Amino acid sequence: MTKNKETGWNFDNSYARLPQSFFASTNPTPVRAPKLIILNDQLATSLGLNVEELKSEEGAALFAGNEIPEGAFPLAQAYAGHQFGHFTMLGDGRAVLLGEQVSPQGERVDIQLKGSGRTPYSRGGDGRAALGPMLREYIISEAMHALGIPTTRSLAVVTTGEPVYRETELPGAILTRVAASHLRVGTFQYAANWSTVDDLRILADYALKRHFPDVEANENRYLSLLQEVIKRQAELIAKWQLVGFIHGVMNTDNMTISGETIDYGPCAFMDVYDPATVFSSIDIQGRYAYRNQPLIGGWNLARFAEALLPLLHEDQEQAIKLAEDKLSDFTKLYHHNWLAGMRAKLGIFNEETEDEALIENLLQMMQEHQADYTNTFRALTLDQREDTNLFRTPEFTQWHKQWQERLGRQQESKAAANELMRRSNPAIIPRNHRVEEALKAAVEQGDYSVMERLVAVLSNPYAHSADEADYCTLPASSAEPYRTFCGT
Ligand code: AMP
Ligand code: MG
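Residues numbered from 1 in each chain as written. Chains lettered and ligands numbered in written order. Predicted model: local features only at pLDDT ≥ 70, side-chain atom pairs only at ≥ 80, totals over all residues. Heavy atoms only, no water.

A.B. asks: How should I be thinking about the overall build of the protein in this particular structure?
C.D. replies: Helix and strand counts for the protein stand at 17 helices and 13 strands. Relative to the compact-globule value of 23 Å for 488 residues, the protein shows a C-alpha radius of gyration of 23 Å, a close match. Accessible area of the protein: about 20500 Å², with a carbon and sulfur share of 49%. Side-chain charges of the protein comprise 46 positive and 64 negative groups, with the mean position of each set lying 0 Å from the other. (Helix = DSSP H or I, 4+ residues; strand = E, 2+ residues; numbered from the N terminus. Rg over C-alpha atoms; globule rule 2.2 N^0.38 Å. Areas by Shrake-Rupley, 256 points an atom, 1.4 Å probe, with all protein chains shown as cover. Lys, Arg positive; Asp, Glu negative; His and termini not counted. Charge placed at Lys NZ, Arg CZ, Asp CG, Glu CD.)

Now the structure itself:
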């Protein structure tokens, strides 16, 4: 067995010290032939792990769950959740938490193997994952991180040497996910429905200590917990909207308490600006469409508040009042963050009342003329009025003049405004056709070079360098809209 002093693992298991009802002690199911496909060198190093050691056969065995590092306490977490509005019991059906790595800087993160075999929460599932979706999560979560959006991270992907059966036979894989924690709105819903109020309080205290130590001493600390989660989600969802990210499955079990994006099943980035965009094949009603994300965020937070009610006040009516008061802040906070972000995308530093109309006018024209979301802001940043439908219109010329006048009314120079735009408008996003191309080469040909190049380019989305142009081009238009899938 590899010793921790060689690999750098340094586990603590604070979650495992919660009441027994919050988890089931479960080992990963060993796999036939683990092989390391990709390792996140930078992330590994920042966590105090030894990259060379982890690239050896021992590393593959660790990331496959065939070997358990010293100090780990493998478990599957219990949680519930509203899935497309319907409440059910869930839990880690195909994931195992090894424990919390405490980095040399004292940072604590969950280390979870996803696709590691059946658990007591698997229901009918096989507990496994296929290579394509695990690489997809790796690519997109790391792209999100580089975009400056809070997210779970991806440390490694291994193939298992075993097939998984979906519609066809696919190569099996396991992703090592790194997260500030895996506490979800659904974890609290589980506690509220199936635990005691004492256990719910223990969970809330745990979340406070782990994520919001600054408010732990507040008079009503559970109300502060609600408020802080509302704040983080209002920041997170605004960031999604600003880059055109569509999560695709905003069930309450897929909303974290830490404010990190989690669950990269059916997510995708929008190309053409259309607020009704939805990619997920099962989201027939468009519940999780781009424009609904802030609304659904608020809905999920209301479910979180409901779960916390017994802790907010001993009198239920009072508790509801307190919760409603905090929940009503979400829309304002979200809107404030979104507007601030949009101003930055247009190089605007100060505030004028008419800014929102200026922004809305642009978005409306983008929708009408089917402009690409990312490339429109990139073109404005680079002052390259490419020959697109939008830029050819007299309305746009008029808008551009108004925008330039607006920039002229602030103290900061046009150069400073442009710097702000460069920092706020990514050139590179994980475009659907590029992601698909990388996955196809990996899964069908065992060629990982396309994915490696893509991951490298995505790690620097605000560079605005000359060699990135290739990754900004749009797919040849297809008769079929892009579709993504859940439960893969
Ligand atoms: P998700 O759609 O990834 O948020 O997953 C929803 C629920 O289904 C979670 O409880 C997962 O653990 C579970 N799940 C997804 N895929 C599988 C699988 N292949 N085997 C067992 N459980 C699964
Ligand atoms: Mg999930």
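A.B. asks: What is the right way to look at the site of ligand 1 in this model?
C.D. replies: Around ligand 1 there are 17 residues in total, and Gly91, Gly93, Asp126, Gly127 and Asp263 lie nearest to it. Arg128 is positioned with one of its backbone polar atoms (N or O) 3.3 Å from a nitrogen atom of ligand 1. About the coverage of ligand 1: the protein hides 85% of its 490 Å² of free accessible area. When grouped by side-chain class, the residues that make up the shell around ligand 1 number 2 nonpolar, 7 polar and 8 charged. Each of domain 1 (15-182) and domain 2 (186-343) contributes no fewer than three residues to the shell around ligand 1. (Near = heavy atom within 4 Å. Polar contact = N/O pair within 3.5 Å; in protein donor to acceptor, adjacent residues only side chain to side chain. Nonpolar A, V, L, I, M, F, W, Y, C, P; charged D, E, K, R; others polar. Domains from an automatic or database assignment.)

A.B. asks: How do you make sense of the UniProt feature "binding site: ATP" (unreviewed entry) in the protein when you look at a structure like this?
C.D. replies: The residues that UniProt annotates with the feature "binding site: ATP" (unreviewed entry) are Gly91, Gly93, Arg94, Lys114, Asp126, Gly127, Arg177, Arg184 and Asp263. Over a stretch of 173 residues, the named residues are scattered through the fold, their C-alpha atoms separated by up to 22.8 Å. Within the secondary structure, Asp126 sits in the loop between β8 (108-114) and β9 (129-130). In terms of polar contacts, Asp126 uses its side chain to reach the backbone amide nitrogen of Arg128, at 2.9 Å. By the secondary structure assignment, Arg184 is in the loop between β11 (169-179) and α6 (185-194). On the basis of relative accessibility, which here comes to 2%, the residue Arg184 falls in the buried class. Excluding anything up to four places from it in sequence, Arg184 contacts Tyr79, Asp92, Gln112, Arg177, Thr252, Asp253, Asn254, Met255, Thr256, Ile257 and Ile262. (UniProt positions renumbered as here; feature names shortened; annotations may be inferred. Buried < 20%, exposed > 50% of the residue type's maximum accessible area, 1.4 Å probe, protein only. Contact = heavy atoms within 4.5 Å.)

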